[in-house]
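A structural walkthrough
Now for the letters of each chain:
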Amino acid sequence: MWTADEIAHLCYEHYRINLPKQGKPEPNREWTLLAAVVKIQPIADQTWDSPDKPVRVTKEVVSMGTGTKCIGRSKMRKSGGDASIIPMLECEDQPCCPVRTDWANNPSMEASGNLKPTEDKRKCEGPDSPVTKKMRHEPGTPATEVANGGAHRQSFGNQESGPIPPSVSSSNLTSGELAAVTGMAPGGAKVVDVHRTGAKCVPGEAGDSGMPGVAYHQVGLLRVKPGRGDRTCSMSCSDKVARWNILGCQGALLMHFLEEPIYLSAVVIGKCPYSQEAMQRALIRRCQNVSALPNGFGVQEVKIQQSDLLFEQSRCAVRAKRADSAGRLVPCGAAISWSAVPEQPLDVTANGFPQGATKKGIRSLQARSRISKVELFRSFQKLLSSISEDKWPDSLRVRKLETYQDYKEAASTYQEAWSALRKQAFGPWIRNPPDYHQFK
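Definitions and cut-offs
Residues numbered from 1 in each chain as written. Predicted model: local features only at pLDDT ≥ 70, side-chain atom pairs only at ≥ 80, totals over all residues. Heavy atoms only, no water. Helix = DSSP H or I, 4+ residues; strand = E, 2+ residues; numbered from the N terminus. Expected span 1.5 Å × (residues − 1). Buried < 20%, exposed > 50% of the residue type's maximum accessible area, 1.4 Å probe, protein only. Contact = heavy atoms within 4.5 Å. Pairing = 2+ DSSP bridges. Axes fitted to C-alpha atoms, helices over the stretch in contact; angles between N-to-C directions. Phe/Tyr/Trp six-rings, centres within 6.5 Å; stacked < 30°, edge-to-face > 60°. Lys NZ or Arg CZ within 6 Å of the ring centre and 35° of its normal.

Attention now goes to helix α15 (residues 412-424). Between its first and last C-alpha atoms α15 spans 18 Å; for 13 residues at 1.5 Å apiece the expected length is 18 Å, and the two agree. Buried residues of α15: Tyr414, Gln415, Ala417, Trp418, Ala420, Leu421 and Arg422, and no others. In this structure, the buried residues of α15 make contact with α9 (237-247), α10 (251-255) and α14 (404-409).

With that settled, the discussion passes to the sheet that holds strand β11 (residues 335-339). Strand order in this open sheet of five strands is β2-β3-β11-β12-β13, and the pairing throughout is antiparallel. The open sheet is flanked by β2 (34-42) and β13 (353-354), the only strands paired with a single partner. One ladder, built from four bridges, connects β11 with strand β12 (residues 346-350); its direction is antiparallel. Within β12, the position partnered with Ala335 by the bridge is Thr349. Strands in contact with helix α1 (residues 4-18) are β2, β3 (57-66) and β11; relative to β3, the strand with the most contacts, it is inclined by about 55°.

For the rest of this paragraph, the subject is the packing of aromatic side chains. We describe a pair of aromatic rings using the distance from one ring centre to the other and the angle between the two ring planes. Under the definition given, this model contains eleven aromatic pairs. The interplanar angle of 65° and the centroid separation of 6.1 Å between the aromatic rings of Phe257 and Phe380 together place this pair among those described as edge-to-face. Of this pair, Phe257 sits in the loop between α10 and β8 (266-269) while Phe380 sits in helix α13 (residues 373-385); the two residues are 123 residues apart in sequence, bridging distant segments of the chain. Each ring, one from Trp418 and one from Trp429, has its centre 5.3 Å from the other, and the planes form 85°; the classification is edge-to-face. Of this pair, Trp418 sits in helix α15 while Trp429 sits in the segment after α15, and the two are eleven residues apart along the sequence. Each member of the pair, Trp418 as well as Trp429, carries the same accessibility label: buried. Through a chain of ring-to-ring contacts, the aromatic side chains of Phe257, Phe377, Phe380, Tyr404, Tyr407 and Phe439 assemble into a single cluster. Stacked on the ring of Trp418, the Lys or Arg Arg243 has its end atom at 4.0 Å from the ring centre.

Fair warning: the whole summary comes from geometry, so function is off the table for now.
Written out as structure tokens, the structure is:
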């Protein structure tokens, strides 16, 4: 029906042709991240004269977004009028020290189980080190940017083969994941790649070990996206997609009008550092035992594939083009949101507000992003007003509903499924305080 390259090419072409220049990165100086939703439908009136005959389909981009960061907790508005995507400051390529060769050259280190940070590592990560200072103000790449091209790749091709350090063999990586991340088999081989994330573990999770090499992070934990020095309340992309894989991507409000959730059938990743096992674990396996869900909800076996096509304005692509250019490579200072709707399909924001909004007018209706919670709620209310009240779903008629929070909580089957997911897999999930959802 389709290939990963076909989907990636469709999205890249849509970005290039259908999105205006406004909000896009400045060529050879800025980069951004890209995500899209593609609707795939079988073509009607096909003949099925052979079981091996491929199904012909139509493919349409129905939404697309760019951006790199979420606003910090202190910038959130209780009125629901801000969007979450803001520019990201340039970060250190490697926010912690690379894998050391000591393990390969000093087997006694493995035998003794001495996992204390070395003097070099302490210097690298000390409070006065340039890396630590940089990290305080310019956090690293979110965990799931490994999936969309934002993760850093560090190569150590000249390192000698050696035994797997105890901090690696005792971590919760599978042998396949270990090989994918480090490039070495369980018997020991070269260290190839080391990936780091600036996404912080949520309170209540075990936290990262901070040990050298691939054991630096604990995998499978819930994380929040880094902010501009201001911690965010926004969960990482992989956490959100894993949630969608059980609750659907329609959210609570639209669930009032649906008999069952809307699930993604596939996730296609552009060309970037990639691990199939890590993606399977992040999106499916850590929630695969969730049970006792209401009718229509369930853990989906979403198809995960990677394309060989590189997004031309990704960090990797822009960096390669400007190898000998002067000046810093920086993230784009705007975020684009586009959807296939007849009215106002485009929204370009900076710092969570429409691009060009002034401080003086920031509280006006015109300064609301079209994808802010309050504007999405307005669209929902507009939909309700177009329907005779006696034809509303029962979930909207059982009691008087006023606030955004009221309408979300009234989607009982969605809330039941969300409660089961939190109890069984995502207990520490960060939820915004109720007073951020009391607007009408």
